[in-house]
Amino acid sequence: MEVKHIYSFLILLSLLLAGCKDSPVNVVRSSQMPKLYPDYTGVTIPAEIAPLNFNYDGDCEAMDVTVRGSKGGELHVNGDYADFDIADWHALTKENRGGELSFTVTVKKNGAWTQYRDFKVYVSADPLGEWGLTYRLIPPGYEVYGKLGIYQRDLSSFNEEALLENSSVPGACLNCHTSNQTNPDQFTFHIRGEHGATLIQQKGDFELLKAKNDSIHGSMVYPYWHPTGKLIAYSTNKTHQSFHAVRSERIEVFDQASDILIYDPARHEIVLNPSLMTPDHYENYPVFSPDGRTLYFVSSHAWDIPAHYKQIQYNLCKVRFNPATGRIIGKVDTIVNARQMGLSANHPRPSYDGKFILFTMSHYGCFPIWHKEADQWLYDVRTGKARPLKEINSDDTDSYHNWSRNSRWIVFTSRRGNGYYTTLYLAHVNADGSMGKPFLLPQRNPWKYYDETLNSFNTPDFTLHPVSLDANKAARAIEREGRVETKVR
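Please read all numbers here as calculations on a predicted model, not as lab measurements. (Residues numbered from 1 in each chain as written. Predicted model: local features only at pLDDT ≥ 70, side-chain atom pairs only at ≥ 80, totals over all residues. Heavy atoms only, no water.)

Describing the overall build of the protein chain
At step 1: The helix and strand tally for the protein chain stands at four helices and 34 strands.
At step 2: A burial count over the protein chain gives 55% of its 489 residues as buried.
At step 3: Within the protein chain, counting contacts between residues at least 6 apart in sequence, those at least 24 apart form 57% of the total. (Helix = DSSP H or I, 4+ residues; strand = E, 2+ residues; numbered from the N terminus. Buried < 20%, exposed > 50% of the residue type's maximum accessible area, 1.4 Å probe, protein only. Contact = heavy atoms within 4.5 Å.)

Side note on the sheet that holds strand 10 (residues 132–138)
At step 1: In space, the four strands of this open sheet follow the order 12-11-10-33, with antiparallel pairing throughout. The sheet is open, and its two edges are formed by strand 12 (160–165) and strand 33 (456–463), each paired on a single side. The average undirected angle you get between the axes of adjacent strands in this sheet is 25°.
At step 2: Summarising the sheet, strand 10 and strand 11 (residues 149–154) pair through six bridges and their orientation is antiparallel. (Pairing = 2+ DSSP bridges. Axes fitted to C-alpha atoms, helices over the stretch in contact; angles between N-to-C directions.)

A few points about the confidence of the model for the protein chain
At step 1: Averaged over every residue, the pLDDT of the protein chain is 90; the share at 70 or more is 89%.
At step 2: The model gives residues 1–20 a pLDDT under 50, and that stretch makes zero contacts with residues more than four places away or in other chains. (pLDDT = per-residue confidence, 0-100.)

Some words on the side chain of D154
At step 1: Tracing the chain through its elements places D154 in strand 11.
At step 2: R153 provides the closest opposite charge to the buried, unpaired D154, separated from it by 6.5 Å.
At step 3: Separated by 3.2 Å, the side chains of D154 and S157 make a polar contact.
At step 4: For D154, the contacting residues outside a window of four places in its chain are W131 and N159. (Lys, Arg positive; Asp, Glu negative; His and termini not counted. Salt bridge = Lys/Arg side-chain N within 4 Å of Asp/Glu carboxyl O. Polar contact = N/O pair within 3.5 Å; in protein donor to acceptor, adjacent residues only side chain to side chain.)

Details of the layout of surface pockets
At step 1: The computed volume of the second largest pocket comes to approximately 450 Å³.
At step 2: As for the second largest pocket, its lining consists of 17 residues, of which Y37, R416, G417, Y425 and L440 are closest to the centre.
At step 3: Elements with a minimum of two residues in the lining of the second largest pocket: strand 31 (423–428), strand 32 (439–440) and helix 3 (446–452).
At step 4: A per-class count over the lining of the second largest pocket returns eight nonpolar, five polar and four charged. (1 Å grid on protein atoms, 1.4 Å probe; cavity = no way out; pocket = protein on both sides within 12 Å on 5 of 7 lines; lining within 4 Å. Points joined across faces, edges and corners; volume = space filled by probe spheres on them. Nonpolar A, V, L, I, M, F, W, Y, C, P; charged D, E, K, R; others polar.)

Remarks on the environment of E485
At step 1: Inspection of the secondary structure assignment puts E485 in the loop between helix 4 (471–479) and strand 34 (487–488).
At step 2: With 272 residues separating them along the chain, E485 and N213 place their C-alpha atoms 8.2 Å apart.
At step 3: Those residues in contact with E485 that sit more than four places away from it in its chain are K210 and H268.

Focus: the side chain of S258
At step 1: Relative to the helices and strands, S258 resides in strand 19 (residues 251–264).
At step 2: Given the relative accessible area of 1%, S258 is considered buried.
At step 3: Within the local environment of S258, its side chain forms a polar contact with the backbone oxygen of E283, the two atoms lying 3.0 Å apart.

Structural notes on the pattern of salt bridges
At step 1: In this structure the tally under the stated criterion is 16 salt bridges.
At step 2: Of the charged contacts in the structure, one is a salt bridge between D126 and R408, with a shortest N-O distance of 3.6 Å. Taken together, the residues D126 in the loop between strand 9 (119–123) and strand 10 and R408 in the loop between strand 29 (398–403) and strand 30 (409–414) connect sequence positions 282 residues apart.
At step 3: Judged by relative accessible area, D126 falls into the buried class, the value being 18%.
At step 4: R489 is the partner of D264 in a salt bridge, and the nearest nitrogen-oxygen pair spans 3.1 Å.

Quick word on the environment of D85
At step 1: In this fold, D85 is placed in the loop between strand 6 (74–79) and helix 2 (86–95).
At step 2: When the C-alpha atoms of D85 and A50 are compared, they prove to be 9.7 Å apart, with 35 residues separating the residues in sequence.
At step 3: A distance of 2.9 Å separates a polar side-chain atom of D85 from the backbone nitrogen of D88.

Points about helix 4
At step 1: Buried residues of helix 4: A474, A475, A477 and I478, and no others. Viewed end-on, helix 4 has its buried residues packed into an arc of 165°, placing them on one side of the element.
At step 2: Looking at the buried side of helix 4, the elements it contacts are strand 12, strand 14 (183–192), strand 15 (197–202) and strand 16 (205–210).
At step 3: N-cap assignment for helix 4: the residue whose side-chain oxygen lies 3.3 Å from the backbone N of N472 is D470. (Arc of directions from axis to C-beta.)

With respect to unusual backbone geometry
At step 1: Of the consecutive residues Y37 and P38, the connecting peptide bond is found in the cis state with omega at -5°.
At step 2: For P38, the location among the structural elements is in the loop between strand 2 (36–37) and strand 3 (44–45).
At step 3: With a phi close to 50°, Y285 is a non-glycine residue in the positive phi region.
At step 4: Tracing the chain through its elements places Y285 in strand 21 (residues 281–288).
At step 5: The class for Y285 is buried, based on a relative accessible area of 5%.
At step 6: Within the chain, S407 stands out as a residue other than glycine whose phi angle is a positive 65°.
At step 7: By the element assignment, S407 lies in the loop between strand 29 and strand 30.

Below, the structure is given as structure tokens:
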């Protein structure tokens, strides 16, 4: 009898709790769209993405949301904000791959319920094809390092973990991380500071290169793997940071010299190409074409810095490349003359299908993350034409970016939220290079997360599977003095 009484009590309790939900009554319909944060109306998402949880942007006592799939399925949530169960959400999105989701949002304000006009979210037939993202989290004031680190995030959930934080290596700045075409079996990043080094990890084993070589200008930064995995392109830079005296502009980072070099990890050799190390030009941000036969980079005339820093404007260039020797072939060709447009091109990233190059345009310089005018541009390799991506750009900084392995999704940083913090946006890429409306990286409670975070997202990239890095082992190795010497070929 006692067990029966407990069972009956639990049933009664569950019924009472269910009845405590603030369900809509005497609902008034509105022709207006709901004001939501984030604005997910009309976006295109992959079926694998974490739930698009959202808050009401304004005073709200309760929210009731129903989601219906065009191919079937339905979700219902009720509470302070739209918080979808992860498993239920994925069941719905996978059932509606290639279809759409219709959201009905009803909000209680001042004791009265209002049902707003339905909005749609489109579920792409294109898979994401990636496990997640890697990125750096860093306070927006870069004059001191503070706490920062490199992190990874499962895109199907809200799980985030640190790969390495500078709390494990006091005083270090961790930056410039990248994997080989999103595969983190080959992974590299740079460490600035007292224990400076370049870490290269391949299939679970890593080594630390001596940060500088007497034959190059500075450290090996801005890396990009050759698709064979046998070479890495780096730039070597003399970078300087200063601060503007005017309120509308804050931080400026510029190079006083920069060259491009090719590194052979198996031989610990740096291959120098004189045409990529000219004293009258700054060469920067090298990347390889997906077939490995072309090297893309940006180049600017060298000017007296900082007196003429606004004259530093980079063009997008290319040159043929021989993977067997690490040498370039023939002359450098300018493919986007940004200088003629009064602009500066940076951060070229070829799509892995070889069709496009995504890059950033700003008024000047090579560090557009603090340039309010910075926008995303797309170069079509097949037609030789470039255009601003008006469908994803904003009135504030839109900067660093990367492609998914299948070339149907991009991730990029933007300050469109508040002008101070960079956050991550994803967008779908159509076959013709047009893009869907970008959407903010989902979080469990978006308003709370983005309102309370004190870090900017930086240098995002997709990752095919989780990065496996022994953080304790890496931290101990970085703090020790041992470094692999590099030699010049």
